[in-house]
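Structural features, examined
Each chain is listed here by its residues.
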Amino acid sequence: MPTVQVHNSTQPDITYLPDKKNWQARTARRLAEEELRKELPEGFPEQLEGPKLWTGADYQDHEDQWVYELNEQELREIQDAVDDFDASDKPLSAINKDTFNLPTLGPKIKALVNDNVVDGRGFLVVRGIDPDKYNRKQQVIAYAGVSSHIGTRGLQGKHVLAHITDLVTTKERDLKDILAPAYTNDHQVYHTDAGDIISLFAIGVAENGGRSKIASSWTVYNEIARTRPDLIHTLSQDWIFDHTTYSEKGATVRPLLFHEDNKLIIQYARRNFTGFGQNPRSEEIPPITEAQAEALDTLHYLGEKHSLAIEFKKGDIQYINNLSIFHARDAYTDSETNRRHLLRLWLHPENSWKIPKQLKPLWDRLYFDERVETFPLEPTIRH
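On a predicted model such as this, the values are computed, not experimentally measured, just so you know.

**Quick notes on the overall build of the protein**
When you go through the protein residue by residue, the secondary structure sums to ten helices and 19 strands. Here the C-alpha atoms of the protein give a radius of gyration of 21 Å, agreeing with the 21 Å that 2.2 N^0.38 yields for 383 residues. Here the C-alpha coordinates of the protein stretch approximately 65 × 45 × 40 Å along the principal axes. Here the protein holds 383 residues, and the buried ones make up 59% of them. Contacts spanning at least 24 positions in sequence make up 84% of the contacts within the protein whose residues lie at least 6 apart. For the protein, the computed accessible surface area is about 16500 Å², with 47% contributed by carbon and sulfur atoms. Charge separation in the protein, taken as the distance between the mean sites of 46 positive and 59 negative side-chain charges, equals 2 Å.

Right, here's the structure in full:
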């Protein structure tokens, strides 16, 4: 059932879980009562073009276009590389494309991701690994090893590897300690993570539900730019991000939407503006505006309108362009025999996009500042 959301009374009528009637009423009220801008901000295009413009209907019944099935030779390469690294007694932080040698698959998977994720439509699923043949450490070795041929690992809080699984129903964590829906079995709204490429490795799948849902932010942009250019102004202006519940940073200020080097980039998570669960947005920082509340809901519902739903198979590795793709998740139910459990990496490819100056401090923390890479083998909460 949906996670109960505690509402900050200084905020507009909005929580982490979107309410379509509230969104429609807010939209109607603002259109009737406000003088809204009818031109786009300077530097933003009237419409975007290219392969990153798609809707779910374009790909829903065409897995052959976005799933790469590993062949026997490639699976043997992965097995050999896992065995060699596991026997080496090297720390997991030593996993790279040299210590995890994939003579055939390495160059191929790098090219596939460059062509289909960095460029192209923005997403790819690699299928065929059997996680049940490995112990947990070997699962991590296989996943991090294959992904090391794609890019540099990014820091996720204190670790470079995250576990996405329900910790509330299992009573491994109390709901008051949960700051993000990733650690519940509730549905997640459309958002981005941090970094260039988001990767998920399904070492376990749910008994029911839990579809991964993705949508093109370029397609969503075109619809908003055509129908509500005032919201492009809202999204491209400064927002106050609330980090107070999980970071020493407190609050930061930057836009959600950028147009850099002829590419549209969006970076945001709804919980930074609404809070999540029993941890609402801090009352010590200003509330979001009515325009920002409408913009958040508009992103979510247009993302849903244009989304592609992906049923994870055990062993799937999903790679998505986090700069051009929103992602979300359906609610799910686990059982004693089937538990949804994803491993996550944030990757920075060699041919990465140019990053706006407002995002550079974040990218430095993720990828470039000095750090120690740690790989928890069991679920932890990212702070």
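**Regarding helix 9 (residues 290–305)**
Over its 16 residues, helix 9 runs 22 Å from end to end, which matches the ideal 22 Å to within 8%, given 1.5 Å per residue. Burial analysis of helix 9 places 13 of its 16 residues in the buried class, which makes it a mostly covered element.

**A closer look at the nonpolar core**
For soluble globular proteins, nonpolar side chains are generally found buried alongside one another. Formed by 94 residues in total, the largest nonpolar core has its most connected members in Ile78, Phe100, Tyr221 and Tyr319. Apart from residues lying up to four places away in sequence, Ile78 is in contact with Leu70, Phe100, Leu102, Leu105, Ile129, Tyr134, Ala142 and Val146. The next biggest cluster of nonpolar side chains, apart from the first, holds seven residues, and it includes Ala162, Ile164, Val205 and Leu342.

**Observations concerning the packing of helix 6 (residues 217–227) against helix 9**
Where helix 6 contacts helix 9, the two axes come as close as 9 Å, and the packing angle between them is 120 degrees. Taken together, the axes of helix 6 and helix 9 are oblique relative to one another. Where helix 6 crosses over helix 9, the two elements pack in a sense that is right-handed. Note on element contacts: helix 9 touches helix 6 through Thr298, Leu299, Leu302, Gly303 and Lys305, opposite Val220, Glu223 and Ile224. Looking at the contact of helix 6 with helix 9 residue by residue, the class counts come to four nonpolar, two polar and two charged.

**Digging into the sheet that holds strand 5 (residues 188–191)**
Within the open sheet, the four strands sit side by side as 5-17-8-15. Their pairing is antiparallel. Of all strands in the sheet, those bounded by a partner on one side alone are strand 5 and strand 15 (308–310). For this sheet, the mean inter-axis angle between neighbouring strands, taken without regard to orientation, is 20 degrees. Here strand 8 (residues 212–216) pairs with strand 17 (residues 325–329) via five bridges, running antiparallel. Residue pairing in the sheet places Lys213 in a bridge with Ala328 of strand 17.

**A closer look at the pairing of strand 6 (residues 197–204)**
On any regular strand, side chains alternate: one points to one face of the sheet, the next to the other face. The buried count for strand 6 comes to eight of eight residues, which makes it a mostly enclosed element. The pairing of strand 6 with strand 16 (residues 317–321) spans five bridges and is antiparallel. From the neighbouring strand, Ile197 faces strand 16, where its bridge partner is Asn321. Bridging between strand 6 and strand 19 (residues 341–348) involves seven bridges; their strand directions are antiparallel. Bridging from a neighbouring strand, Gly204 pairs with His341 of strand 19.

**Some remarks on the pairing of strand 19**
Burial within strand 19 is extensive, with eight of its eight residues counted as buried. In strand 19, alternate side chains face the same way, and those of His341, Leu343, Leu345 and Leu347 on one face and Leu342, Arg344, Trp346 and His348 on the other are all buried. Here two bridges tie strand 3 (residues 152–153) to strand 19, and the two strands are oriented antiparallel to one another. Residue pairing across strands places Thr152 opposite His348, the latter belonging to strand 19.

**Observations concerning the packing of aromatic side chains**
Any pair of aromatic rings gets described here by the distance separating the centres and the angle formed by the planes. For the structure on display, the rule yields twelve aromatic pairs. Each ring, one from Trp239 and one from Phe273, has its centre 4.9 Å from the other, and the planes form 65 degrees; the classification is edge-to-face. Highlighted residues: Trp239 in strand 9 (residues 239–242) and Phe273 in helix 8 (residues 271–274), separated in sequence by 34 residues. Judged by relative accessible area, Trp239 falls into the buried class, the value being 0%. Relative accessible area serves as the criterion here: at 0%, Phe273 is assigned to the buried category.

**As for the side chain of His327**
For His327, the location among the structural elements is in strand 17. Looking at His327, the relative accessible area reads 10%, which means it is buried. In contact with His327, other than residues within four places in its own chain, are Val189, Tyr190, His191, Thr192, Asp193, Lys213, Ile214, Ile320 and Asn322.

**Describing the packing of helix 7 (residues 229–236) against helix 9**
Remark: helix 7 packs on helix 9, axes separated minimally by 10 Å, with the N-to-C direction vectors making an angle of 105 degrees. Accordingly, the angle class assigned to the pair helix 7 and helix 9 is roughly perpendicular. Contacts between helix 7 and helix 9 involve Leu231, Thr234 and Leu235 from the first element and Ala291, Gln292, Glu294, Ala295, Thr298 and Leu299 from the second. For the contact of helix 7 with helix 9, the per-class residue count stands at five nonpolar, three polar and one charged.

Definitions and limits used
- Residues numbered from 1 in each chain as written.
- Predicted model: local features only at pLDDT ≥ 70, side-chain atom pairs only at ≥ 80, totals over all residues.
- Heavy atoms only, no water.
- Helix = DSSP H or I, 4+ residues; strand = E, 2+ residues; numbered from the N terminus.
- Rg over C-alpha atoms; globule rule 2.2 N^0.38 Å.
- Buried < 20%, exposed > 50% of the residue type's maximum accessible area, 1.4 Å probe, protein only.
- Contact = heavy atoms within 4.5 Å.
- Areas by Shrake-Rupley, 256 points an atom, 1.4 Å probe, with all protein chains shown as cover.
- Lys, Arg positive; Asp, Glu negative; His and termini not counted.
- Charge placed at Lys NZ, Arg CZ, Asp CG, Glu CD.
- Expected span 1.5 Å × (residues − 1).
- Core = buried A, V, L, I, M, F, W, Y, C linked by side-chain atoms within 4.5 Å.
- Axes fitted to C-alpha atoms, helices over the stretch in contact; angles between N-to-C directions.
- Parallel < 35°, antiparallel > 145°, perpendicular 65-115°, else oblique.
- Left-handed = near helix turned anticlockwise from the far one by under 90°.
- Nonpolar A, V, L, I, M, F, W, Y, C, P; charged D, E, K, R; others polar.
- Pairing = 2+ DSSP bridges.
- Phe/Tyr/Trp six-rings, centres within 6.5 Å; stacked < 30°, edge-to-face > 60°.

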